[in-house]
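Here is what each chain is made of, one letter per residue.
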Amino acid sequence: MKLSEYQPGSLAFCIEQLQQQAVIAYPTEAVFGLGCDPDCEKAVMDLLALKQRPVEKGLILIAADYAQLEPYIADRELTPEQRQRMFARWPGPVTYVVPASPHTPRWLTGRFDSIAVRVSDHPEVQALCRGFGKPLVSTSANLSGQPPCRSAEEVALQFGSAFPTLHAATGGRLNPSEIRDVISGELIRQG
């Protein structure tokens with residue numbers, strides 16, 4: 001790779017930051033998200049501290065495809081109909097709460113036996129997850145009490161200009177992703 005590909009703001013730079021257990025900001029369908037390696041407890045705790053978010057609330061994983069999410073999901077507990085319900089809306093801006101694998105760390109599930117997951121159709125999210133080789137933790141990029149960031153410039157204002165941020169546009173949606181329970185089909189958060 002050319003040196004310029006590793007410039008701050010580039011895809012390669014952000015993947016390298018993830019590999020070094022850093023928290024990054026990146027565009028999603030509606031807002032910028034904060035993300036990190038879901039398997040690195042230190043990175044997740046750094047993200048939660050930034051957000052002033054309690055670990056008990058659990059987190060969302062965002063991925064390029066279902067295969068990236070399978071290690072975190074108790075897939076055998078899903079019926080073919082429940083799986084089809086998810087696949088009918090993916091890739092896209094719908095997050096599903098699914099039974100978590102018993103191996104999924106508590107720093108991801110919080111007080112729940114489930115985990116929230118999404119296969120994104122945003123090209124930059126797809127590229128990040130494919131380049132990193134796994135899903136990312138995804139929570140809105142904003143400090144407690146502040147509105148979610150919708151641009152790299154807003155991320156810099158809230159988190160500082162040195163914060164590792166993928167410089168690209170959001171998908172243009174106004175609302176964050178819809179959240180549904182895959183078992184009951186219940187709407188948890190309107191999209």
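Residues numbered from 1 in each chain as written. Predicted model: local features only at pLDDT ≥ 70, side-chain atom pairs only at ≥ 80, totals over all residues. Heavy atoms only, no water.

1. Description of the packing of aromatic side chains
In total, this model carries four aromatic pairs according to the counting rule given. Summarising the aromatic geometry, the rings of Tyr66 and Trp90 are spaced 6.3 Å apart at their centres and angled 40° between planes, so their arrangement reads as tilted. Here Tyr66 is found in helix H3 (residues 66-69), whereas its partner Trp90 is found in the loop between helix H4 (80-89) and strand S4 (94-99), with 24 residues between them in sequence. For Trp90, a relative accessible area of 10% gives the class buried. When the centroid spacing of 5.7 Å and the interplanar angle of 75° are considered together, the rings of Trp90 and Tyr96 count as edge-to-face. Like Tyr96, Trp90 is buried. Each residue in the set Tyr66, Phe87, Trp90 and Tyr96 is aromatic and connected to the rest through ring pairs, giving one cluster. (Phe/Tyr/Trp six-rings, centres within 6.5 Å; stacked < 30°, edge-to-face > 60°. Helix = DSSP H or I, 4+ residues; strand = E, 2+ residues; numbered from the N terminus. Buried < 20%, exposed > 50% of the residue type's maximum accessible area, 1.4 Å probe, protein only.)

2. Thoughts on the side chain of Lys51
One can find Lys51 in helix H2 (residues 41-51). Among all residues touching Lys51, those that are not within four sequence positions of it are Leu34, Thr139, Ser140, Asn142 and Ser144. (Contact = heavy atoms within 4.5 Å.)

3. Considerations on the layout of surface pockets
The space that makes up the largest pocket amounts to roughly 580 Å³. If you trace the largest pocket, you find 30 residues lining it, with Arg53, Ile60, Ser138, Ile179 and Arg189 closest to the centre. Secondary-structure elements contributing two or more residues to the lining of the largest pocket are strand S2 (32-35), helix H5 (106-109), strand S5 (114-119) and strand S6 (136-140). Element by element, the count of residues in the lining of the largest pocket is highest for S5, at four residues. (1 Å grid on protein atoms, 1.4 Å probe; cavity = no way out; pocket = protein on both sides within 12 Å on 5 of 7 lines; lining within 4 Å. Points joined across faces, edges and corners; volume = space filled by probe spheres on them.)

4. Structural notes on the UniProt feature "domain: YrdC-like" (unreviewed entry) in the chain
Here, the residues flagged by UniProt with the feature "domain: YrdC-like" (unreviewed entry) are residues 8-191. Counting secondary structure, residues 8-191 comes out at 30% helix and 20% strand; the distance between its end C-alpha atoms is 31 Å. (UniProt positions renumbered as here; feature names shortened; annotations may be inferred.)

5. Points about the packing of helix H1 (residues 11-19) against helix H6 (residues 123-132)
Taken N-terminus to C-terminus, the directions of H1 and H6 make an angle of 50°; their axes are 10 Å apart at the nearest point. Comparing their axes, H6 and H1 come out oblique. Crossing of H1 over H6 shows right-handed handedness. On H6, the residues touching Leu11, Cys14, Ile15, Leu18 and Gln19 of H1 are Ala127, Leu128, Gly131 and Phe132. (Axes fitted to C-alpha atoms, helices over the stretch in contact; angles between N-to-C directions. Parallel < 35°, antiparallel > 145°, perpendicular 65-115°, else oblique. Left-handed = near helix turned anticlockwise from the far one by under 90°.)

6. A word on the state of the cysteines
Cysteine pairs can be linked by a disulfide, which is a covalent bond between their two sulfur atoms. Tallied over the full model, the rule gives zero disulfides. Free of any disulfide, Cys129 has its nearest cysteine sulfur in Cys36, 12 Å distant. Overall, Cys129 belongs to the buried group, its relative accessible area being 0%. (Disulfide = S-S within 2.5 Å.)

7. Some details on the sheet that holds S5
Read across the sheet, eight strands follow the order S1-S2-S6-S3-S5-S4-S7-S8 without closing on themselves; strand pairing throughout is mixed. Only two strands of the sheet have a single partner each, and these edge strands are strand S1 (24-27) and strand S8 (187-189). Shown here is a sheet whose adjacent strand axes are inclined to one another by a mean of 40°, direction ignored. Where strand S3 (residues 60-63) meets S5, four bridges bridge the pair, whose relative direction is parallel. Within S5, the position partnered with Ile60 by the bridge is Ala116. Sitting on the sheet, H4 is in contact with S4 and strand S7 (178-181), with an inclination near 160° to S4. (Pairing = 2+ DSSP bridges.)

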